[in-house]
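For reference, the chains in residue letters:
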Amino acid sequence: MAKKMMIANWKMHLTIQEAQQYLQYFLQHFPYTEAPINILFCPPLTHIATLQKMMPAISSLYLGAQNCHHQAQGAFTGEVSAYMLKDMVTHVLVGHSERRKYAKETDDILKKKIDLLLSYKLQPIFCCGEPMVVRQHNQHISFIQTQINTCLGHLSPQAIQRVVIAYEPIWAIGTGQAAHSVQIQTMHQAIRSILQQQYGPTVAQNISLVYGGSCHEKNAAEIFSCQDVDGGLIGSAALDVEKWIKIGHILAAV
Ligand code: PGA
C-alpha cells in the first residue's frame, strides 16, 4: 500500500531563523514518532543544512529540495544539482507548475531530472496538473496522461515506485480554491489507472499520490478521505506551523 505523506512546500518564504523556530515548535508539538505518516519539509536551499542538524533520526521525517538542475555538474551559474543534494535531502520536487511557468521547464527536461535524481537514490516528487482552459475543454485526463507518460513512462517497475506523484491543478494553486473532492478523486483514480495499465495493480497501489492546490486544515479531511489520495503537497497552509500540525493530525486519522 502507498505510504501516507504530507509535503510542505515553503517556496520562497521564511528566514533561516523563522524556519528553525517553526521546526522546533513542530517537533515539540506533533507526535511524529507515533503518527503513521511520512512528513517531508521542502525549505529554500539556504535553510537545508541548518534544518538537517535539527531533524531527529527517524524514518518518518524527511527534508527535500524544491528543485534541482537536470545535469550533475557543469557551467550552470546559480544552479544546484542532484549530485550536490544527495547528502543533504532525500526528496526533490520536480515539475512544479511555477517552475514550468517561470523557468520554462519542459517535460523533456523534467524527465532528465527524474533520471538523475533516481541515479543518486533521491526520490522525485513529480508534479503534474492542468491549467483551467484544458479542463474547460474536457482534456484534463489526457493532459495529465501525456505529462506522466513523457516524464515517467520509461521507468522500470522498481524505479517508478521510488516516485511520489503530486496532482496539482494549476488553477487551484495559491488561489484559496481547492478542486472539489469529486474532481480530485476522479483525477487520482485516472492517474492510478494510467500506472496500473503499464505496471499492474500492485505497483500502482504502492505509489503515493498526493493532492496539491489550496489544501488546508479546513478541507484536508474531505480531500484526504478520497480513496486514491495518499496525502497532500501544501504551500500556504504549510507556512503556519499550527495549521500544519492540524493537517498532520487529520492525515494520521483518515
Ligand atoms: P498552495 O500551494 O497550497 O498554496 O496552493 C501548493 C503548491 O504550490 O504546491
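Treat the numbers as computed from the prediction; the structure is a model and nothing was measured. (Residues numbered from 1 in each chain as written. Predicted model: local features only at pLDDT ≥ 70, side-chain atom pairs only at ≥ 80, totals over all residues. Heavy atoms only, no water.)

S.K.: Looking at this structure, I do not really get the overall build of the chain. What am I missing?
M.R.: Secondary structure summary: the chain contains 12 helices and eight strands in total. Over its C-alpha atoms the chain spans a radius of gyration of 17 Å, differing by no more than 12% from the 18 Å that the globule rule assigns to 254 residues. Overall size of the chain, expressed as C-alpha extent along the three principal axes, is 45 × 45 × 35 Å. Of all 254 residues assigned to the chain, the portion counted as buried reaches 53%. Of all intrachain contacts in the chain linking residues separated by at least 6 positions in sequence, the fraction that spans at least 24 positions is 71%. Working note: accessible area of the chain is about 11,600 Å², and carbon and sulfur atoms make up 53% of it. The positive charge centre, built from 19 side chains, and the negative charge centre, built from 17, are 4 Å apart in the chain. (Helix = DSSP H or I, 4+ residues; strand = E, 2+ residues; numbered from the N terminus. Rg over C-alpha atoms; globule rule 2.2 N^0.38 Å. Buried < 20%, exposed > 50% of the residue type's maximum accessible area, 1.4 Å probe, protein only. Contact = heavy atoms within 4.5 Å. Areas by Shrake-Rupley, 256 points an atom, 1.4 Å probe, with all protein chains shown as cover. Lys, Arg positive; Asp, Glu negative; His and termini not counted. Charge placed at Lys NZ, Arg CZ, Asp CG, Glu CD.)

S.K.: How do you make sense of the environment of Gln196 when you look at a structure like this?
M.R.: Along the chain, Gln196 falls in helix 9 (residues 181–199). Given a relative accessible area of 34%, Gln196 falls into the partly exposed group. The contact partners of Gln196, leaving out residues within four places of it in the chain, are Pro201 and Ala204.

S.K.: Explain the pairing of strand 5 (residues 123–128) to me, please; I cannot follow it from the model alone.
M.R.: For strand 5, a buried count of six out of six residues is recorded, marking the element as mostly surrounded by other parts of the structure. Here strand 5 shows no split at all, with Gln123, Ile125 and Cys127 on one side and Pro124, Phe126 and Cys128 on the other all buried. Strand direction decides the pairing type here: strand 4 (residues 91–94) and strand 5, joined by four bridges, are parallel. In the strand pairing of strand 5, Val92 is matched with Pro124. Across four bridges, strand 5 lies against strand 6 (residues 164–167) in parallel orientation. The residue of strand 6 that forms the bridge with Phe126 is Ile165. (Pairing = 2+ DSSP bridges.)

S.K.: Explain the site of the ligand here, please?
M.R.: As a structural note, the neighbourhood of the ligand is formed by 13 residues, with Lys11, His96, Glu168, Gly174 and Ser236 the closest of them. Note that an oxygen atom of the ligand is positioned 2.6 Å from one of the side-chain N or O atoms of His96. The protein chains hide 98% of the 280 Å² of surface that the ligand would expose on its own. Class assignment of the residues belonging to the shell around the ligand gives a composition of four nonpolar, seven polar and two charged. (Near = heavy atom within 4 Å. Polar contact = N/O pair within 3.5 Å; in protein donor to acceptor, adjacent residues only side chain to side chain. Nonpolar A, V, L, I, M, F, W, Y, C, P; charged D, E, K, R; others polar.)

S.K.: Looking at this structure, I do not really get the pattern of salt bridges. What am I missing?
M.R.: Pairs can form between side chains of opposite charge once their charged atoms are near each other. Within this structure, the stated rule accounts for nine salt bridges. Put simply, Arg99 and Glu105 hold a salt bridge, and the shortest N to O gap is 2.9 Å. Given the relative accessible area of 27%, Arg99 is considered partly exposed. Residue Glu105 is classed as buried on the basis of its relative accessible area, which comes to 9%. Glu130 serves as the salt-bridge partner of Arg135, at 2.8 Å between the closest nitrogen and oxygen. According to the relative accessible area criterion, Glu130 is buried, its value standing at 0%. Salt bridges linked by common partners bring Arg99, Glu105 and Lys113 together as one network. (Salt bridge = Lys/Arg side-chain N within 4 Å of Asp/Glu carboxyl O.)

S.K.: Is there a simple way to explain the nonpolar core in this structure?
M.R.: With 73 residues, the main nonpolar core has Phe26, Phe41, Phe126, Leu152, Phe224 and Trp244 as its most contacted residues. Discounting residues that sit within four places of it in the chain, Phe126 has contacts with Val94, Arg100, Leu110, Ile114, Gln147, Ile148, Cys151, Leu152, Val163, Val164, Ile165 and Ala166. Residues Met5, Cys42, Cys127 and Leu233 belong to the second largest nonpolar core, which totals 12 residues. (Core = buried A, V, L, I, M, F, W, Y, C linked by side-chain atoms within 4.5 Å.)

S.K.: Quick question: what am I supposed to make of helix 2 (residues 45–54) here?
M.R.: The periodicity of an α-helix, 3.6 residues per turn, causes residues three or four positions apart to be oriented the same way. Among the residues making up helix 2, those that are buried are His47, Ile48 and Leu51. Along helix 2, the residues classed as buried sweep out an arc of 115° about the axis, all on the same side. Residues of helix 2 that are exposed and angled more than 90 degrees away from the buried face: Thr46 and Lys53. Buried-residue contacts for helix 2 involve helix 1 (16–29) and strand 3 (61–65). (Arc of directions from axis to C-beta.)

S.K.: How do you make sense of the sheet that holds strand 6 when you look at a structure like this?
M.R.: Backbone-to-backbone hydrogen bonds pair the strands of a sheet. The strands run either parallel or antiparallel. Pairing within the closed barrel is parallel, and its eight strands lie in the order 1-2-3-4-5-6-7-8. Looking at each pair of strands side by side, their axes are set apart by 25° on average, direction ignored. Helix-sheet contacts for helix 7 (residues 140–152) involve strand 5 and strand 6, and the interaxial angle to strand 5 is about 155°. (Axes fitted to C-alpha atoms, helices over the stretch in contact; angles between N-to-C directions.)

S.K.: Where do I start with unusual backbone geometry in this structure?
M.R.: With glycine set apart, most residues show a phi of negative sign, and most peptide bonds adopt trans. You will see that Lys121, though not glycine, has its phi angle at about 60°, which is positive. Considering the arrangement of structural elements, one finds Lys121 in the loop between helix 5 (107–119) and strand 5. Unlike most non-glycine residues, Asn138 shows phi in positive territory, near 60°. Relative to the elements of secondary structure, Asn138 occurs in the loop between helix 6 (132–136) and helix 7.

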